[in-house]
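Descriptive structure summary
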Amino acid sequence: MSGLIITVAQQKGGSGKTTVAAHLAVAFVRAGKSVGLLDIDPQGSLGEWFERREQSLGEDEAGLSFRTASGWGARREARQLARDHDIVVVDTPPKSDLEIRPAIEMADLVLVPVQPTPVDLWATAPTLAMTAKEGVGSLIVINRAVSRALLTGEIVAAAGELGHAIADSHLGNRVAYPQSMGEGRTVQETAPGGLAADEVAALGREVLKHARKR
């Protein structure tokens, strides 16, 4: 039986896709899952993070398998990873339909990170439309949420009106996230007792529960 393929996609740049992908991958490992990472973004940010991770922890302690691919080759790489892992997390580039479409078609679930601003929410429409057209389930994830901000609540409500599922668990606008990424780690490793670590763990549980319903 093949593992789940979870694609992180958002055609608007700057949504935090790579941060979400890396943090969820490590959260799944910490939950006892074997995880493969697939980077199809030509910018290669996830690959740079993974290299720093191996340098910091050592190749045997990184806890993840990593591959890169482009275009339609992503489907083959993802399926190969899925044969050997419980979960495959795919990081995608912004703006490119050609690169994103195969990653959406092969997914069991597409996560769509959205920053809590009207512009970011509007820019989410093409990605959500693509997932709907391919018949793939999607889950909107509010990223860089500001606690107690009225705008965050308004965006959450507006996102819910789009007709797509929205995660109850949000990731906050916390310095801990980029700091941990710069070390090749995640907040669950650099600040395991912090609020950010709790956010990631909660989102990881919710994502798996949602993916298994498909």
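My aim in this report is to walk through the structure given alongside it, one point at a time. Just so you know, these numbers come straight off a predicted model, no measurement behind them. (Residues numbered from 1 in each chain as written. Predicted model: local features only at pLDDT ≥ 70, side-chain atom pairs only at ≥ 80, totals over all residues. Heavy atoms only, no water.)

**Quick word on the overall build of the chain**
Secondary structure assignment for the chain yields ten helices and seven strands. Against the globule reference of 17 Å for 214 residues, the chain gives a C-alpha radius of gyration of 16 Å, in line with a compact fold. Based on the C-alpha atoms only, the size of the chain along its principal axes is roughly 45 × 40 × 30 Å. For the chain, the residues scored as buried account for 52% of the 214 residues in total. When contacts within the chain are restricted to residue pairs at least 6 apart in sequence, those whose partners lie at least 24 apart make up 79%. For the chain, the exposed area adds up to about 9700 Å²; of that, 48% sits on carbon and sulfur atoms. Counting 23 positive and 26 negative side-chain charges, the chain places the centres of these two groups 4 Å from one another. (Helix = DSSP H or I, 4+ residues; strand = E, 2+ residues; numbered from the N terminus. Rg over C-alpha atoms; globule rule 2.2 N^0.38 Å. Buried < 20%, exposed > 50% of the residue type's maximum accessible area, 1.4 Å probe, protein only. Contact = heavy atoms within 4.5 Å. Areas by Shrake-Rupley, 256 points an atom, 1.4 Å probe, with all protein chains shown as cover. Lys, Arg positive; Asp, Glu negative; His and termini not counted. Charge placed at Lys NZ, Arg CZ, Asp CG, Glu CD.)

**Remarks on the layout of surface pockets**
Put simply, the second largest pocket is a space of about 210 Å³. For the second largest pocket, the full set of lining residues is Gly16, Thr19, Asn143, Arg144, Gly172, Asn173, Arg174, Val175, Tyr177, Pro178 and Met181. A per-element tally of the lining of the second largest pocket places helix H8 (residues 176–182) first, with three residues. Residues belonging to the lining of the second largest pocket are distributed by class as follows: four nonpolar, five polar and two charged. (1 Å grid on protein atoms, 1.4 Å probe; cavity = no way out; pocket = protein on both sides within 12 Å on 5 of 7 lines; lining within 4 Å. Points joined across faces, edges and corners; volume = space filled by probe spheres on them. Nonpolar A, V, L, I, M, F, W, Y, C, P; charged D, E, K, R; others polar.)

**Re unusual backbone geometry**
Note on backbone geometry: most residues besides glycine have negative phi, and most peptide bonds are trans. Phi is positive for Arg144, which is not a glycine, with a value near 60°. Position of Arg144 relative to the elements: it lies in the loop between strand E6 (138–142) and helix H7 (150–160). Judged by relative accessible area, Arg144 falls into the partly exposed class, the value being 30%.

**Quick word on the pairing of E6**
Most of E6 is tucked away: five of the five residues are buried. Across five bridges, strand E5 (residues 109–114) lies against E6 in parallel orientation. Among the inter-strand pairings, Leu111 is bridged to a residue of E6, identified as Leu139. Note: E6 against strand E7 (residues 165–166), two bridges, orientation parallel. (Pairing = 2+ DSSP bridges.)

**Some remarks on the packing of helix H1 (residues 17–30) against helix H10 (residues 195–212)**
Closest axis-to-axis distance for the H1/H10 pair is 9 Å, and the angle between their directions is 80°. With respect to each other, H1 and H10 are oriented roughly perpendicular. Along its contact with H1, which presents His23, Leu24, Ala27 and Phe28, the element H10 presents Val200, Leu203, Gly204, Val207 and Leu208. For the contact of H1 with H10, the class distribution of residues is seven nonpolar, two polar and no charged. (Axes fitted to C-alpha atoms, helices over the stretch in contact; angles between N-to-C directions. Parallel < 35°, antiparallel > 145°, perpendicular 65-115°, else oblique.)

**A word on the sheet that holds E6**
Taken in spatial order, the seven strands line up as E3-E2-E4-E1-E5-E6-E7 in an open sheet, and their pairing is parallel. The open sheet has two free edges, formed respectively by strand E3 (65–68) and E7, since each of these has just one partner strand.

**Comments concerning the nonpolar core**
Counting 35 residues, the largest nonpolar core has Phe28, Leu37, Trp49, Leu64, Val89, Leu111 and Val207 as its most contacted members. With eight residues, H1 is the single largest residue contributor to this core. Residues contacting Val89, with those up to four places away along its chain left out, are Ile6, Val8, Ala21, Ala25, Phe28, Val35, Gly36, Leu37 and Leu38. Counting 15 residues, the second-largest nonpolar core is a separate cluster that includes Ala9, Ile100, Val114 and Met130. (Core = buried A, V, L, I, M, F, W, Y, C linked by side-chain atoms within 4.5 Å.)

**A look at the side chain of Thr186**
Here Thr186 is to be found in the loop between H8 and helix H9 (187–190). The contact partners of Thr186, leaving out residues within four places of it in the chain, are Ala22, His23, Val26, Trp49 and Ser180.

**Describing the packing of aromatic side chains**
This structure, assessed with the given rule, holds one aromatic pair. Relative to Phe66, the ring of Phe50 lies with its centre 5.0 Å away and its plane at 15°, an arrangement referred to as stacked. Pair noted here: Phe50 is in helix H2 (residues 45–57) and Phe66 is in strand E3, with a separation of 16 residues, a long-range link. (Phe/Tyr/Trp six-rings, centres within 6.5 Å; stacked < 30°, edge-to-face > 60°.)

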